[in-house]
Amino acid sequence: MFHFLKSIFRDRPKTNIGELIANGARIIDVRTSAEYQAGHLKNSINIPLEKLAGNLHKFEKSKIFITCCASGARSATAKNILKANGYTEAYNGGSWTSLRKYF
């Protein structure tokens, strides 16, 4: 069983978030409006997670998107929503504070 799991995960390349940002990725911050107002990344877009699915029409599917939140849990869900709706270049950036180093 261990070898099976190892074979699934071993060759998965790590996403270079910094490179994606340098190449124009858009940051979608899925925290609440109050959380966002308390601090956020420059030029990020705030769409709370519960409103994301209803706002997908605002984004071109051909663009690169990185989701973020407070810890990475909501942004993982947001990435999955994007992927399920045909956004092939969607990535979970984790916490918004971990992305500050790229700005």
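Structure: see above.
Basis of the calculations
- Residues numbered from 1 in each chain as written.
- Predicted model: local features only at pLDDT ≥ 70, side-chain atom pairs only at ≥ 80, totals over all residues.
- Heavy atoms only, no water.
- Helix = DSSP H or I, 4+ residues; strand = E, 2+ residues; numbered from the N terminus.
- Buried < 20%, exposed > 50% of the residue type's maximum accessible area, 1.4 Å probe, protein only.
- Contact = heavy atoms within 4.5 Å.
- Areas by Shrake-Rupley, 256 points an atom, 1.4 Å probe, with all protein chains shown as cover.
- Phe/Tyr/Trp six-rings, centres within 6.5 Å; stacked < 30°, edge-to-face > 60°.
- Lys NZ or Arg CZ within 6 Å of the ring centre and 35° of its normal.
- Core = buried A, V, L, I, M, F, W, Y, C linked by side-chain atoms within 4.5 Å.
- Salt bridge = Lys/Arg side-chain N within 4 Å of Asp/Glu carboxyl O.

Engineer: How should the overall build of the protein chain be read in this particular structure?
Structural biologist: Counting secondary structure elements, the protein chain contains six helices and four strands. Secondary structure elements of the protein chain occur, N-terminal to C-terminal, as α-α-β-α-β-α-β-α-β-α. Considering the protein chain as a whole, with its 103 residues, one finds that 39% of them fall into the buried category. Across the protein chain, contacts joining residues at least 24 apart in sequence account for 65% of those joining residues at least 6 apart. Split by element, the accessible area of the protein chain, about 6500 Å² in all, is 53% carbon and sulfur.

Engineer: Would you mind showing me how to read the packing of aromatic side chains here?
Structural biologist: Summed over all chains, the structure comprises two aromatic pairs. Ring plane angle 75° and centroid distance 5.9 Å describe the contact between Phe65 and Tyr87, whose orientation is recorded as edge-to-face. With Phe65 in strand E3 (residues 65–69) and Tyr87 in the loop between helix H5 (73–84) and strand E4 (90–95), the pair connects residues that are 22 residues apart, well separated along the chain. Accessibility expressed as a relative area gives 2% for Phe65, which makes it buried. What links up through ring pairs into an aromatic cluster is the set Phe59, Phe65 and Tyr87. Looking at Lys83, its charged tip hangs above the ring of Tyr91, at a distance of 5.8 Å from the centre. When the ring centre of Trp96 is taken as reference, the NZ or CZ atom of Arg100 above it lies at 5.1 Å.

Engineer: So what exactly am I meant to see when it comes to the side chain of Asp29 here?
Structural biologist: With respect to the helices and strands, Asp29 occurs in strand E1 (residues 26–29). For Asp29, the residues in contact, after removing those within four places along its chain, are Tyr36, His40, Ile45, Asn46, Ile47, Cys68, Cys69 and Trp96.

Engineer: Mind showing me how you'd approach the nonpolar core here?
Structural biologist: Core analysis: the biggest nonpolar cluster contains 14 residues, and Ile28, Val30, Leu52, Phe59, Phe65, Leu82 and Tyr87 have the highest contact counts within it. Contributing elements (two or more residues each) for this core: helix H4 (49–52), E3 and H5. Those residues within four positions of Leu52 in sequence are excluded, and the remaining contacts are Ile28, Ile47, Ala78 and Ile81. Membership of the second largest hydrophobic core comes to 12 residues, among which are Ala25, Ile27, Ile64 and Trp96.

Engineer: What am I meant to see in the pattern of salt bridges here?
Structural biologist: Between side chains of opposite charge, a pair can form as their charged atoms come close. A complete count under the given rule lists two salt bridges for this structure. Two residues, Arg31 and Asp29, come together in a salt bridge whose shortest N-O distance is 2.8 Å. Residue class for Arg31 comes out buried when judged on its relative accessible area of 4%. In this structure Asp29 comes out as buried when scored by relative accessible area, which is 0%. Two residues, Arg74 and Glu35, come together in a salt bridge whose shortest N-O distance is 2.9 Å. With Arg74 in helix H5 and Glu35 in helix H3 (residues 33–38), this residue pair connects regions lying 39 residues apart in the sequence. On the basis of relative accessible area, Arg74 is assigned to the partly exposed category, the value being 26%.

Spatial relationships are all this shows, so hold off on functional conclusions.
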